[in-house]
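For reference, the chains in residue letters:
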Amino acid sequence: YYKKSSKARGLAKFLSGDKMVENVQGRFQGNYLQPQSYLFHHTSKRKNRKDQIQFTSPQQAVGQYKKDAFKLTIPKGTLDRASLELALAHDVSANKAQLSYSVIERGKIKTYHIKKAGNELLNHDGKQYHVQKMIVSHANKKRSTVFWLAKELDYMPIRIDHTEKGKTIITQLKRFKFK
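Residues numbered from 1 in each chain as written. Predicted model: local features only at pLDDT ≥ 70, side-chain atom pairs only at ≥ 80, totals over all residues. Heavy atoms only, no water.

Draft legend 1. Main features of the overall build of the protein chain. Along its length, the protein chain carries two helices and twelve strands. The order of α-helices and β-strands along the protein chain, N terminus first, is β-α-β-β-β-β-β-α-β-β-β-β-β-β. Summarising the internal contacts of the protein chain: among those between residues at least 6 apart in sequence, 31% fall at separations of at least 24. (Helix = DSSP H or I, 4+ residues; strand = E, 2+ residues; numbered from the N terminus. Contact = heavy atoms within 4.5 Å.)

What follows is the structure in C-alpha cells.
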C-alpha cells in the first residue's frame, strides 16, 4: 500500500485550497510490480475530481477519469501514476538500464521514458541527501518532469518538478515512513 498526499502552501493554499491524495494497492511479484487499485482525488475551491483504476488482471484495467468510464486492454507491467514512483525507485535501486513504463493516465495508456541525469547532493529540510536526478521524456515538448530520488530513502522521490502550460508545480517531501 502506498499513499501520497499533497497540499498547496502559502499564497497558493489561500487562493486555491488545492489538496491531492493518491492511493495505490499492489504487490511486487519478483521484479515486477502488479498494481491492483489506484485512486487520485483532487479537491480545491473549484473542483472535486476523482480518477480511479482497478487492475482486474495483468492485461485488463477498468476505471473512471473525471466522469468518463473506461476499460482498457493493457500491456503486462502497466502501472498507474503512483505505482510508477515505486517501480522507478525499485529499478533505480537495482541499477536497471532501461527505464520505460506503460502508465494509465487520464483513461489512456501512455509510455514514459525516463533518463538518468546524474547524481547530486540535495539539501532538504536541514538534511543532505544523495539523489539520482531523473528526467521524463515527454512526447509533448511543452511538458517537463524531473524527479530527484533519494538513496537514503530507497530511491523514493524527495522532489518532483512538473512544468505544463507554462506553470511549474514543485512537490517536495515533508514526511516519509516505511511500515
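Draft legend 2. Here's a closer look at the sheet that holds strand β10 (residues 144-150). Read across the sheet, six strands follow the order β7-β8-β9-β10-β11-β12 without closing on themselves; strand pairing throughout is antiparallel. Sheet topology places β7 (100-105) and β12 (167-172) at the edges, where each strand pairs with a single neighbour. With strand direction ignored, the average angle separating the axes of adjacent strands in the sheet is 30°. The sheet contact formed by β10 and strand β11 (residues 156-164) spans seven bridges and is antiparallel. Bridging from a neighbouring strand, S144 pairs with T163 of β11. Seen against the sheet, helix α2 (residues 81-93) touches β7, β8 (108-124), β9 (127-137), β10 and β11 and runs at an angle of roughly 165° to β7. (Pairing = 2+ DSSP bridges. Axes fitted to C-alpha atoms, helices over the stretch in contact; angles between N-to-C directions.)

Draft legend 3. Just a positive patch on the surface, in detail. Together, R46, K47, K66, R106, K165 and K167 make up a region of like positive charge exposed at the surface. The residue K47 is located in the loop between β3 (32-43) and β4 (48-57) in this model. For K47, a relative accessible area of 37% corresponds to the partly exposed category. (Patch = residues over 30% accessible without salt bridge, like charges linked within 9 Å, V, L, I, M, F, W, Y side chains within 5 Å. Areas by Shrake-Rupley, 256 points an atom, 1.4 Å probe, with all protein chains shown as cover. Salt bridge = Lys/Arg side-chain N within 4 Å of Asp/Glu carboxyl O. Lys, Arg positive; Asp, Glu negative; His and termini not counted. Charge placed at Lys NZ, Arg CZ, Asp CG, Glu CD. Buried < 20%, exposed > 50% of the residue type's maximum accessible area, 1.4 Å probe, protein only.)

Draft legend 4. Main features of the packing of aromatic side chains. Considering all chains together, one arrives at zero aromatic pairs under this definition. Between R159 and the ring centre of W148, over which it is positioned, the NZ or CZ distance is 5.1 Å. (Phe/Tyr/Trp six-rings, centres within 6.5 Å; stacked < 30°, edge-to-face > 60°. Lys NZ or Arg CZ within 6 Å of the ring centre and 35° of its normal.)

Draft legend 5. View of the side chain of R143. Along the polypeptide, R143 turns up in the loop between β9 and β10. With relative accessibility at 17%, the residue R143 sits in the buried group. The residues contacting R143, other than those within four sequence positions of it, are E105, K110, Y112, H138, H162, T163 and E164.

Draft legend 6. Just unusual backbone geometry, in detail. Phi is positive for R106, which is not a glycine, with a value near 55°. Looking at the element boundaries, R106 is found in the loop between β7 and β8. Residues other than glycine seldom take positive phi values, yet D125 does so here, at roughly 50°. Locating D125 in the fold gives a position in the loop between β8 and β9.

Draft legend 7. Representation of the nonpolar core. Counting residues in hydrophobic clusters, the biggest one holds 28 residues, and the most contacted among them are L88, Y101, I114, M134 and I158. Where this core is concerned, the elements lending two or more residues are α2, β7, β8, β9, β10 and β11. Discounting chain neighbours no more than four positions away, the residues touching I114 are L84, L88, L99, Y101, M134, I135 and V136. Counting residues in each nonpolar core, the second largest holds twelve residues, with V24, F55, A61 and A82 among its members. (Core = buried A, V, L, I, M, F, W, Y, C linked by side-chain atoms within 4.5 Å.)

Draft legend 8. Representation of the environment of I74. Considering the arrangement of structural elements, one finds I74 in the loop between β6 (68-73) and α2. Separated by 35 residues in the primary sequence, I74 and I109 have C-alpha atoms spaced 7.6 Å apart. Ignoring any residue separated from it by four or fewer positions in sequence, one finds I74 in contact with F55, S57, P58, Q59, Q60, A61, I104 and I109.

Draft legend 9. Spotlight on the side chain of Q34. Residue placement: Q34 occurs in strand β3. With relative accessibility at 10%, the residue Q34 sits in the buried group. In contact with Q34, other than residues within four places in its own chain, are G26, R27, Q29, F55, S57 and P58.

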